[in-house]
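A closer look at the structure
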Amino acid sequence: VCLSVCLSVCLSVCLSVFIEGWEIQTTSTRLARGRRLVSIVCLFVVQVADIGDVGVNPYSLPKSVQLIEDFVRRIGNCRPLTIGGDHTTTLPILRALHAIHGTMALVHVDAHSDTEASMYGEDVAHGTTFYRACVEGLIDPTRCTQIGLRGGDYGPGDYAWTRQQGFHMVWASDCWYKSMVPLMETVRNRIGDHPVYLSFDIDALDPSIAPGTGTPEVGGLTTPQALEIIRACRGLNVVGCDLVEVSPPYDVSSMTALTAANLLFEMLCVVPGVKYY
């Protein structure tokens, strides 16, 4: 996994596969400084900084994971806004944030649960992130919600462990033709004032909207639903966010990267300290 930090808030830091981060950064130049629909001018009221690329070892995933964790630890008590990379990048960020905030709640928007115990014999991979986060005590599964699930199953017991831990699992088919506002009220009540991390895999969206990803799954969420999910996190103690799994080689006219840039800006708009008018 080759990563780079490409967007951050004082309040934040962003890690990414270089080409993915560069593409999202490029399309983000089309964004305005505020959001009329939410009456906010975010970049005038929070400190935003690009803190540069994270140096990693492209020949060693374990060493890269450690380098990411070390980097996030060094930036101190910030609220990281992160661009992946695949979902492996979330694990070292959670490890670093755990040292500051303790066990966190989780809002995880994804087509896949990413709670496999291992992948091809490896404990750390993009499909094991939240299994490892759970067993390491980084997240509280009773305060974790996964939204948009619909990835192919390998067997009838695929999600048994996840359910047993207490994860709240929301299938994409249960979201069809619906607003996410009622669901997010339940999520907010489940989290309370607990520190919460927001992780958004772009493949949660339907591939007709976001084709630029390595693991597309039909029947996904819409962009209005994605906006409702993120905007409903306003008022929660959001301690970090990420947007992962954008793959520019599979994208069409940068539409996925542009969507990702907009979602990242929406995340910036819900971190504590942002003022609404």
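Residues numbered from 1 in each chain as written. Predicted model: local features only at pLDDT ≥ 70, side-chain atom pairs only at ≥ 80, totals over all residues. Heavy atoms only, no water.

A short note on the pairing of strand E7 (residues 196-201)
Burial within E7 is extensive, with six of its six residues counted as buried. In E7, alternate side chains face the same way, and those of Val196, Leu198 and Phe200 on one face and Tyr197, Ser199 and Asp201 on the other are all buried. In this structure, strand E4 (residues 104-109) lies alongside E7, joined through five bridges in parallel fashion. Following the sheet pairing, Leu106 is matched in E7 by Tyr197. Pairing of E7 with strand E8 (residues 238-244), which is carried by six bridges, proceeds in the parallel orientation. Across the sheet, the residue bridging to Leu198 is Cys241, located in E8. Traced from E7 through helix H7 (residues 223-231) to E8, the parallel crossover comes out right-handed. (Buried < 20%, exposed > 50% of the residue type's maximum accessible area, 1.4 Å probe, protein only. Helix = DSSP H or I, 4+ residues; strand = E, 2+ residues; numbered from the N terminus. Pairing = 2+ DSSP bridges. Right-handed = clockwise from strand over helix to strand, strands pointing away.)

What to know about helix H8 (residues 255-268)
The first and last C-alpha atoms of H8 sit 20 Å apart over 14 residues, in line with the 20 Å expected at 1.5 Å per residue. Counting buried positions along H8 gives eleven out of 14 residues, so the element sits mostly inside the fold. Three or more residues of H8 are buried, namely Thr256, Ala257, Thr259, Ala260, Ala261, Leu263, Leu264, Phe265, Glu266, Met267 and Leu268. (Expected span 1.5 Å × (residues − 1).)

Brief notes about the nonpolar core
Among the nonpolar cores identified, the biggest contains 46 residues, and Ile24, Phe200, Leu205, Leu243 and Met267 are the most heavily contacted of them. Within the residue set of this core, elements represented by two or more residues are strand E3 (81-83), E4, helix H6 (181-191), E7, H7, E8 and H8. Top element by residues in this core is H8. It accounts for eight residues. (Core = buried A, V, L, I, M, F, W, Y, C linked by side-chain atoms within 4.5 Å.)

Section: helix H2 (residues 61-74)
Its 14 residues give H2 an end-to-end C-alpha distance of 20 Å, which sits within 8% of 20 Å, the value for a rise of 1.5 Å per residue. Listed as buried for H2 are Ser64, Val65, Ile68, Glu69, Phe71 and Val72. Seen from one end, H2 has its buried residues packed into an arc of 160 degrees, which puts them on one side. Exposed residues lying more than 90 degrees from the buried face of H2 are Pro62, Lys63 and Arg74. The positive-phi residue at the C-terminal boundary of H2 is Gly76, with phi of around 80 degrees. (Arc of directions from axis to C-beta.)

Re the side chain of Thr89
Looking at the secondary structure, you find Thr89 in the loop between E3 and helix H3 (90-101). For Thr89, the side chain forms a polar contact with the main-chain oxygen of Asp86, separated by 3.0 Å. (Polar contact = N/O pair within 3.5 Å; in protein donor to acceptor, adjacent residues only side chain to side chain.)

A look at the pattern of salt bridges
Summed over all chains, the structure comprises five salt bridges. For Arg95, the salt bridge is made with Glu136, and the minimal N-O distance between the two is 2.7 Å. Linking Arg95 in helix H3 with Glu136 in the loop between helix H4 (129-135) and strand E5 (139-149), this pair joins segments that are 41 residues apart in sequence. Its relative accessible area of 19% is what places Arg95 among the buried residues. Overall, the relative accessible area of 33% leaves Glu136 in the partly exposed class. Measuring nitrogen to oxygen at the nearest pair gives 2.9 Å for the salt bridge that ties Arg231 to Glu266. Of the two residues, Arg231 sits in helix H7 while Glu266 sits in helix H8, which places them 35 residues apart along the sequence. Through salt bridges with shared partners, one network takes in Arg95, Arg132 and Glu136. (Salt bridge = Lys/Arg side-chain N within 4 Å of Asp/Glu carboxyl O.)

Read these as spatial facts, not as claims about activity.
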